[in-house]
Amino acid sequence: MKILQKYFGTEIIRAVLFVMLALLALFSFFDLMGELPNVNKGGYLLQHALLYVFLGLPGYVYEFMPIAVLIGTIYVLAQFASNSEFTIMRAASMSNMMAAGILFKIGIVFVLLTFLFGEIIAPRSSKMAEAMKLTAMGAAETQQFRTGLWTKDLIRQDGLKGEIIGSRFLNVQEILPNHQLNQVKLYEFDKNFHLAREVTATNAAYQGKNVWRLFDVNQTSFPMTLSTEDIANVKSQKLTSLDVISEVTPDILAVLFADPDRMSAIDLAAFTRHLAENKQDNERYQIAFWKKIIYPFATFVMMALALPFAYLHVRSGGISLKIFSGIMIGMVFYLINSLFSHLGMLNTWPPVITALVPSLLFLGLAILGLRYVERN
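Residues numbered from 1 in each chain as written. Predicted model: local features only at pLDDT ≥ 70, side-chain atom pairs only at ≥ 80, totals over all residues. Heavy atoms only, no water.

A word on the overall build of the protein
So, step 1. Helix and strand counts for the protein come out as 11 helices and six strands.
So, step 2. Here the C-alpha atoms of the protein give a radius of gyration of 27 Å, more than 25% beyond the 21 Å that 2.2 N^0.38 yields for 376 residues.
So, step 3. Here the C-alpha coordinates of the protein stretch approximately 95 × 45 × 35 Å along the principal axes.
So, step 4. With 376 residues in all, the protein has 44% of them scored as buried.
So, step 5. Within the protein, contacts between residues at least 6 apart in sequence are counted, and of these 65% link residues at least 24 apart.
So, step 6. Roughly 20,000 Å² of accessible area belongs to the protein as shown, and the carbon and sulfur atoms make up 64% of that amount.
So, step 7. On the protein, the mean spot of the 31 positive side-chain charges and the mean spot of the 28 negative ones are 9 Å from each other. (Helix = DSSP H or I, 4+ residues; strand = E, 2+ residues; numbered from the N terminus. Rg over C-alpha atoms; globule rule 2.2 N^0.38 Å. Buried < 20%, exposed > 50% of the residue type's maximum accessible area, 1.4 Å probe, protein only. Contact = heavy atoms within 4.5 Å. Areas by Shrake-Rupley, 256 points an atom, 1.4 Å probe, with all protein chains shown as cover. Lys, Arg positive; Asp, Glu negative; His and termini not counted. Charge placed at Lys NZ, Arg CZ, Asp CG, Glu CD.)

Structural notes on the packing of helix H3 (residues 57-82) against helix H10 (residues 319-347)
So, step 1. Contact pair H3 / H10: the axes reach a minimum separation of 9 Å and the direction vectors enclose 160°. In terms of their interaxial angle, H3 and H10 are classed as roughly antiparallel. Handedness of the H3/H10 crossing: right-handed. Only Ile 319, Lys 322, Ile 323, Gly 326, Ile 327, Ile 329, Gly 330 and Tyr 334 of H10 make contact with H3, whose side of the interface consists of Glu 63, Phe 64, Ile 67, Leu 70, Ile 71, Ile 74, Tyr 75, Ala 78, Gln 79, Ala 81 and Ser 82.
So, step 2. Classifying every residue of the contact of H3 with H10 gives 13 nonpolar, four polar and two charged. (Axes fitted to C-alpha atoms, helices over the stretch in contact; angles between N-to-C directions. Parallel < 35°, antiparallel > 145°, perpendicular 65-115°, else oblique. Left-handed = near helix turned anticlockwise from the far one by under 90°. Nonpolar A, V, L, I, M, F, W, Y, C, P; charged D, E, K, R; others polar.)

Things to note about the sheet that holds strand S1 (residues 149-156)
So, step 1. The strand order S1-S2-S3-S4-S5-S6 describes an open sheet built from six strands, whose pairing is antiparallel. The open sheet has two edge strands with one neighbour each: S1 and strand S6 (235-245). Looking at each pair of strands side by side, their axes are set apart by 25° on average, direction ignored. (Pairing = 2+ DSSP bridges.)

Section: the pattern of salt bridges
So, step 1. According to the stated counting rule, one finds eight salt bridges in the structure shown.
So, step 2. The salt bridge involving Asp 153 is made with Arg 168; its shortest N-O contact spans 3.0 Å. Of this pair, Asp 153 sits in strand S1 while Arg 168 sits in strand S2 (residues 164-175); the two residues are 15 residues apart in sequence, bridging distant segments of the chain. Each member of the pair, Asp 153 as well as Arg 168, carries the same accessibility label: buried.
So, step 3. Put simply, Glu 188 and Arg 197 hold a salt bridge, and the shortest N to O gap is 2.8 Å. Comparing Glu 188 with Arg 197, the two get one shared label, buried.
So, step 4. What you see here is one network of salt bridges that share partners, running through Asp 153, Arg 168, Glu 188 and Arg 197. (Salt bridge = Lys/Arg side-chain N within 4 Å of Asp/Glu carboxyl O.)

Note that every value here comes from positions in space, so none of it alone points to a role or purpose.
Structure, rendered in structure tokens:
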């Protein structure tokens, strides 16, 4: 069994690596074609476009890992079947459960790799790519918004852990790649939703530990009730700088411009919690979070789908036909996985179910396929 495990592992890893390289080459070409119109805009040159495409590759590795595993495993098992190797292995007392166990152990490697790329490498490389592109083009992340970016957080009595005493709405016209905010406006309300303070600042810089330092500040404080008699109590003052403690951090602001599918589960969990605390819709990010948790385990499902191909004889279709079938199954899985994300949002399905159903459907197909080949 150790020899078979090593033999299966070597062949499948080699085949999956080849398929992954082919997919990366194909989609890199498409991405490069899409970036060429941006070349020579500002300081964005061809080398920047190439680097941008390269930094996007880890995201594709994460997205296509189950598909590459499916195609690579089908290719190896189809070769074993065509050369009668799998028949010999079965004659040497290798049962279906033993074959599934071998594939399961190999699948653990791919699951860990998928987690590695999805949680660590791809999110960081995506941020680096966007920051590099914006810097090279001399652009700001909020230029496409007419009124700037709007977000909300809570005001607490003692920093971030005290009692909630109000809410704050933040409006930013520009966010630079170095996380500097330009043309900042703050509107703070008390528990009764009375406007308590309005703050405008030319720019703001993050100081760490949830502290933003605003510069060139105009601050207006309002009394609890604003009647004719209270007009005199409205206070306005100019300040050189003002420190504001906020739950909104550069990471949360970056989330607003990032594709949820390219974010890590940790970032998604933090942003989902932030939205929930501020009573904002977070269903999209909940679905993305559970997809991040469940998607790597789809590798096991893909290997289970590939196993029936080892039991098909040569007369049931050549290797090329089986590989084509694997490509089609993989693409259908990818499309259904994306489709269910949108259906879940439209029909307000539970996020866990929305993320889990595609894998369960294809696991059911794998079980049916194994039963079919056993009976025939």
